[in-house]
Amino acid sequence: MGEKKIEKIKEWDKNYHIHTFANEKTYQPIVVDKTEGNYFFTSDGKKYLDFSSQLVCVNLGNSNEKIIAKVTDALKRYGFLWDKYATEYRSLASQKIIEEIPGVNRWAGKVKFFSSGSETIEAAVSLAKLIKNKTRLLIKEYDFHGWTSEALKCTSIKYFGSLKDIGTNEIVELPSDDSYVTIPSPLCWRCKFGKCYPACKENGVLHCIKETEKIINEAGAGTIAAYLGETVSGFGMVIPPEEYLPQLRNLLNKYDILWINDEVQTGFGRLGKWFAYDLYDGIYPDIMCIGKGLVNSVIPCGAIVVSKEIAKTLESKIWYLGSTFSGHPAAMAAAVATIEYMIENEIVEKACRKGEYLRSKMEKLAEKYQPNIAVSGYGFYMQLELLQYKTDTRSINVNNAYSPAKAIMDGCYQRGLVLGGLLPYSIRLAPALTVTTEEIDQAVGVLDDVLKSIFEEGK
Ligand SMILES: Cc1ncc(COP(=O)(O)O)c(C=O)c1O
């Protein structure tokens, strides 16, 4: 791209586009020329290894020829057809999700497509409310569910969707109401009840589960339609102890509350399993929300997957819900190609093995810089915690105080490595599942250099 064109791109982008999480006055556009596999190239000729898969969504990296070919075929063959018409790609995508993704047919009956993860949250929540004829929801601390109205209300981190005045730092948050009942997060290493895992268990039951039961009873179990939660909270990488989900599932069964499992980010191999619920034996959701990795993010798409029981309930009803772009032929082709590619190339199994390799390298870093850092996570969903900052309560630094995580991420970016995360004291590593061991070595090498400059040289 010539200099003049680049300047115009920057000018029009800065002047006419509303940017995400950005101070419009100081915002500087990063113009990307192209992407290739796990890399992107900026207009100033620099190359970046994307260890964040953009928004933890390009699970197979960019430029996947099989996906591009199927999407192109769908566009040539169908262009656009709305939901009323069945296409080969939609029928194949549905069949593959229910029958071919390992384990899904143990519990799931049907799937319905939407255009984003947030839309799947809207649909899942409204379906649960309709089925149960109840209006309230259980949500969990630190879980994130998206950008649309219901999805934001179900997100207990009030920073999302808020509006901050740059001059006064005053923040206006969206109003919520008592339809959303928040349960504690199983954030064991910073337990809000001052307990220690596993000593927190009484008769085998986790203290946070006991507290959750109290909350359900205080709110009135009979008013609650569903619990909406992430199994592993992506925002703060909260990894529950092994007892948590089975015990929560028991509680939901006991009080006849549906479980909506938000796998928009954790689904499609991110944790070295097809879905986060696969980390547990015999625990299945009633409704599951998926997106991002479903189509390798080449086209906006999401879906809800419902249990056999809910699918049966729907057989005797008409659900008056749909959208223009539900089941868009190009998105369906992307889903078919993504799932086929993942199964044929054993992407999930390989991600599990390569994730172990990344973890072993990260643990060596933790050892080298102890007691400053710790590592947690599964598969390619790895978190680096900066331990010396004891004040971390999983809150976002809205007032732009010094953020060591940002300083480390900036240092890596200058050296061509992109990492992610919003918290001031933790960094997320979430490369594409197709990342090579050489790329893992390269990324950990860069991170090591930056950590050295911060912890050893005090720069
Ligand atoms: C867990 C989770 N749920 C829902 C969403 C919303 O998905 P989308 O951005 O596609 O609307 C996201 C997006 O980051 C997410 O991480």
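Look up a bit, the structure's there.
This section reports on the structure supplied with the text. (Residues numbered from 1 in each chain as written. Predicted model: local features only at pLDDT ≥ 70, side-chain atom pairs only at ≥ 80, totals over all residues. Heavy atoms only, no water.)

### Description of the overall build of the chain
Here is step 1 of the chain: Counting its secondary structure elements, the chain contains 13 helices and 16 strands.
Here is step 2 of the chain: Scaling as 2.2 N^0.38, a compact globule of 459 residues should have a C-alpha radius of gyration of about 23 Å, and the chain matches this with 22 Å.
Here is step 3 of the chain: In terms of principal-axis extent, the alpha carbons of the chain reach across some 65 × 60 × 45 Å.
Here is step 4 of the chain: Residue burial in the chain is summarised as follows: out of 459 residues, 51% are buried.
Here is step 5 of the chain: Considering only contacts in the chain between residues 6 or more positions apart, those separated by 24 or more positions represent 72%.
Here is step 6 of the chain: Summing over all exposed atoms, the chain offers an accessible surface of approximately 21300 Å²; the carbon and sulfur share of this is 52%.
Here is step 7 of the chain: Here the chain contributes 55 positively and 57 negatively charged side chains, and the mean placements of these two sets differ by 1 Å. (Helix = DSSP H or I, 4+ residues; strand = E, 2+ residues; numbered from the N terminus. Rg over C-alpha atoms; globule rule 2.2 N^0.38 Å. Buried < 20%, exposed > 50% of the residue type's maximum accessible area, 1.4 Å probe, protein only. Contact = heavy atoms within 4.5 Å. Areas by Shrake-Rupley, 256 points an atom, 1.4 Å probe, with all protein chains shown as cover. Lys, Arg positive; Asp, Glu negative; His and termini not counted. Charge placed at Lys NZ, Arg CZ, Asp CG, Glu CD.)

### Regarding the pairing of strand E3 (residues 47-50)
Here is step 1 of the chain: Two strands pair when backbone bridges link them, and strand E2 (residues 39-42) and E3 are joined in this way by 3 bridges, in the antiparallel orientation. What sits directly across from Phe 40, in E3, is Tyr 48.
Here is step 2 of the chain: The antiparallel pairing of E2 with E3 creates a hairpin that spans 4 residues between the two strands, and Gly 45 there sits at a positive phi of about 85°.
Here is step 3 of the chain: The pairing of E3 with strand E15 (residues 417-418) spans 2 bridges and is parallel. The partner of Asp 50 across the bridge, within E15, is Val 418. (Pairing = 2+ DSSP bridges.)

### Notes on the site of the ligand
Here is step 1 of the chain: In the vicinity of the ligand, the contacting residues are Ser 116, Gly 117, Ser 118, Phe 144, His 145, Gly 146, Trp 147, Glu 230, Asp 262, Val 264, Gln 265 and Lys 292.
Here is step 2 of the chain: In the model, a nitrogen atom of the ligand is placed 2.7 Å from a nitrogen or oxygen of the Asp 262 side chain.
Here is step 3 of the chain: Measuring from an oxygen atom of the ligand, one finds a side-chain N or O atom of Lys 292 at 2.8 Å.
Here is step 4 of the chain: Protein coverage of the free-state accessible area of the ligand, which is 390 Å², stands at 86%. (Near = heavy atom within 4 Å. Polar contact = N/O pair within 3.5 Å; in protein donor to acceptor, adjacent residues only side chain to side chain.)

### Considerations on helix H5 (residues 117-132)
Here is step 1 of the chain: Between its first and last C-alpha, H5 extends 23 Å over 16 residues, near the 22 Å set by a 1.5 Å rise per residue.
Here is step 2 of the chain: Buried within H5 are the following residues: Gly 117, Ser 118, Thr 120, Ile 121, Ala 123, Ala 124, Val 125, Leu 127 and Ala 128. (Expected span 1.5 Å × (residues − 1).)

### Topic: helix H12 (residues 404-414)
Here is step 1 of the chain: Listed as buried for H12 are Pro 404, Ala 405, Ile 408, Met 409, Gly 411 and Cys 412. For H12, the arc enclosing every buried residue in end-on projection is 160°, short of the 170-degree limit, so these residues lie on one face.
Here is step 2 of the chain: Buried positions along H12 lie against strand E14 (381-386), E15, strand E16 (426-429) and helix H13 (437-456).
Here is step 3 of the chain: The first or second residue beyond H12 is Gly 416, which carries a positive phi of 85°. (Arc of directions from axis to C-beta.)

Fair warning: the whole summary comes from geometry, so function is off the table for now.
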